[in-house]
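Analysis of the macromolecular model
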Amino acid sequence: MLLLGIETSCDDTATAVVRDARDVLSNVSTNQDEFHAKYGGIVPEIASRRHVSLLSAAIDDALVRAHTSLDAIDGIAVTAGPGLIGSLVVGVATAKALAFALGKPLYAVNHLHGHVFAAFLDTAVEPPYPFLTLLVSGGHSQLVAVESATEMLVIAKTRDDAAGEAFDKTARLLGLSFPGGPALEALARDGDLAAVEFPRYRPEAGTLDLSFSGLKTSARYFLASDAARDVSPADVAASFQAAIVDQLIDRVERALDMRRYHAIVLSGGVAANMTLAAAFRRAGAENGVPAFVPERRFCTDNAAMIAAAAERRGNLDLRDPLTLTADPNLPF
Ligand code: KG4
Ligand code: ZN
């Protein structure tokens, strides 16, 4: 199938044309960072208005780059949730109108399902079920047991902040620009990861919960303390990043101790972090299980992953273009 994907759940206005859930013919993303940077975070009202002004052009762009047209596509896949309601409705309303006008199928995709399949875009690898996904983004941090495209079980969640949120908030304390994750990673490059001993949340054995608020608070107190004067910002960044990576990898290894998976798969915006990706691959090698990390452009929010998830899930996400509504709290 040739699907047009539309993703507007947060601040990226993203469109893509994908063939057979794998071949990315075009992948367009209009980043809004410059509009949000001065506020230090995403302003929902600004995000939705930017989506309104950018989405039509982004759809045209995806079709042109893929050398195709609306007549030639087999359906439209749109993120229906979870996300910012004002942002979601722009993509959903546009997708409904297109599907209705063209008389083509409309797929309402869960944004997080998209992340799960991002690692299999533009590769020859078929998803090796059952696999374990570590999904780490700005809004979510969870482990998912993926038995098949239609049977996915969240086996662990964060008790508080998401990993990306912890990166963003600490980056802000370090005076870094928004979005904080990539900026903190860049600063950490020349830092000593053993300079500050930040806490690693370790729940009791056999438990997979994640938590980042203790770490975040500890970073805040450290930066406000006298001790911070003797440590460079790069050292703080490297130590903080190491604490996040250690916790995430510990939980992956615990999950691998509990049962056998055919692969481990990293996903979500934080998967773009090279230290995390390297540790994830190492964990796979040490545990004798293949590790897959998406290409960088498919880690953060994109519409190719939305089209891929729609097709992989068969007709499960098919919805009526007249009645579909966006759901900011769409459950996994
Ligand atoms: O998946 P995503 O694009 O949007 C959500 O669905 O949330 O993830 C965005 C998150 C942000 O918190 C951002 O700071 C983080 O991913 N991120 C990173 C890196 N690149 C993006 N965090 C750490 N290191 C990175 N290189
Ligand atoms: Zn995302």
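Everything numeric in this text was worked out from a predicted model, so none of it was measured.

What follows is about the site of ligand 1. Looking at ligand 1, there are 17 residues lining it, with Gly-138, Asp-168, Glu-185, Gly-269 and Asp-301 nearest. Backbone polar atom of Gly-138 to an oxygen atom of ligand 1: 2.8 Å apart, as the coordinates give it. In the model, an oxygen atom of ligand 1 is placed 3.4 Å from a nitrogen or oxygen of the Gly-139 main chain. Coverage of ligand 1 by the protein chains reaches 89% of its 550 Å² of free accessible surface. More than half of the atoms of ligand 1 fall within 2 Å of the grid points belonging to the largest pocket. Those elements that provide at least two residues to the shell around ligand 1 are helix H4 (111–117), helix H5 (163–173) and helix H6 (180–188). Taken together, the residues of the shell around ligand 1 break down into four nonpolar, 10 polar and three charged.

Our next topic: the coordination of the zinc ion (ligand 2). Around the zinc ion (ligand 2), the protein contributes the donor atoms His-111 (NE2), His-115 (NE2) and Asp-301 (OD), which lie 2.1 Å from the metal centre. Expressed as a motif, the donor residue spacing for the zinc ion (ligand 2) is H-x3-H-x185-D. Here the residue His-111 and the residue His-115 both occupy positions in helix H4, the gap between them amounting to four residues, near one helical turn. A residue is classified by how much of its surface remains accessible, and His-111, at 7% relative accessible area, is buried.

Turning next to the sheet that holds strand S11 (residues 318–319). Taken together, six strands build an open sheet; the order of strands is S3-S2-S1-S4-S5-S11 and the sheet is mixed. The strands lining the two open edges of the sheet, one partner per strand, are strand S3 (23–30) and S11. Here strand S4 (residues 75–81) runs beside strand S5 (residues 106–110); their pairing, made up of five bridges, is parallel. Looking at S5, one finds that Val-78 is bridged to Ala-108. Across the sheet, helix H11 (residues 304–312) is in contact with strand S1 (2–7), strand S2 (13–19), S3, S4 and S5; its angle to S1 comes to roughly 125 degrees.

Moving on, we come to the pattern of salt bridges. With the rule as written, the count across this model stands at 17 salt bridges. As a salt-bridge pair, Arg-251 and Asp-250 come within 2.9 Å of each other at their nearest N and O atoms. The exposure class assigned to Arg-251 is buried, which follows from its relative accessible area of 1%. Relative accessible area serves as the criterion here: at 17%, Asp-250 is assigned to the buried category. It is possible to trace a salt-bridge network through shared partners that takes in Asp-161, Glu-165, Lys-169 and Lys-216.

The next subject is the packing of aromatic side chains. Scanning the model with the defined rule gives six aromatic pairs in all. Each ring, one from Phe-120 and one from Phe-131, has its centre 5.6 Å from the other, and the planes form 55 degrees; the classification is tilted. Of this pair, Phe-120 sits in the loop between H4 and strand S6 (131–136) while Phe-131 sits in strand S6; the two residues are 11 residues apart in sequence, bridging distant segments of the chain. As far as burial versus exposure is concerned, Phe-120 and Phe-131 are alike and both buried. Between the aromatic rings of Phe-120 and Phe-292, the centroid separation amounts to 5.7 Å while the plane-to-plane angle is 55 degrees, which identifies the pairing as tilted. One end of the pair, Phe-120, is in the loop between H4 and S6; the other, Phe-292, is in strand S10 (residues 291–292), with 172 residues separating them in the sequence. Taken together through their ring pairs, the aromatic side chains of Phe-120, Tyr-129, Phe-131 and Phe-292 make up a single cluster. Taking NZ or CZ as reference, Arg-220 lies 5.5 Å from the ring centre of Tyr-221, over its face.

How each quantity is defined
Residues numbered from 1 in each chain as written. Chains lettered and ligands numbered in written order. Predicted model: local features only at pLDDT ≥ 70, side-chain atom pairs only at ≥ 80, totals over all residues. Heavy atoms only, no water. Near = heavy atom within 4 Å. Polar contact = N/O pair within 3.5 Å; in protein donor to acceptor, adjacent residues only side chain to side chain. Areas by Shrake-Rupley, 256 points an atom, 1.4 Å probe, with all protein chains shown as cover. 1 Å grid on protein atoms, 1.4 Å probe; cavity = no way out; pocket = protein on both sides within 12 Å on 5 of 7 lines; lining within 4 Å. Sits in = over half its atoms within 2 Å of the grid points. Helix = DSSP H or I, 4+ residues; strand = E, 2+ residues; numbered from the N terminus. Nonpolar A, V, L, I, M, F, W, Y, C, P; charged D, E, K, R; others polar. Donors = N, O, S within 2.8 Å, 3.2 Å for Na, K, Ca; no water. Buried < 20%, exposed > 50% of the residue type's maximum accessible area, 1.4 Å probe, protein only. Pairing = 2+ DSSP bridges. Contact = heavy atoms within 4.5 Å. Axes fitted to C-alpha atoms, helices over the stretch in contact; angles between N-to-C directions. Salt bridge = Lys/Arg side-chain N within 4 Å of Asp/Glu carboxyl O. Phe/Tyr/Trp six-rings, centres within 6.5 Å; stacked < 30°, edge-to-face > 60°. Lys NZ or Arg CZ within 6 Å of the ring centre and 35° of its normal.

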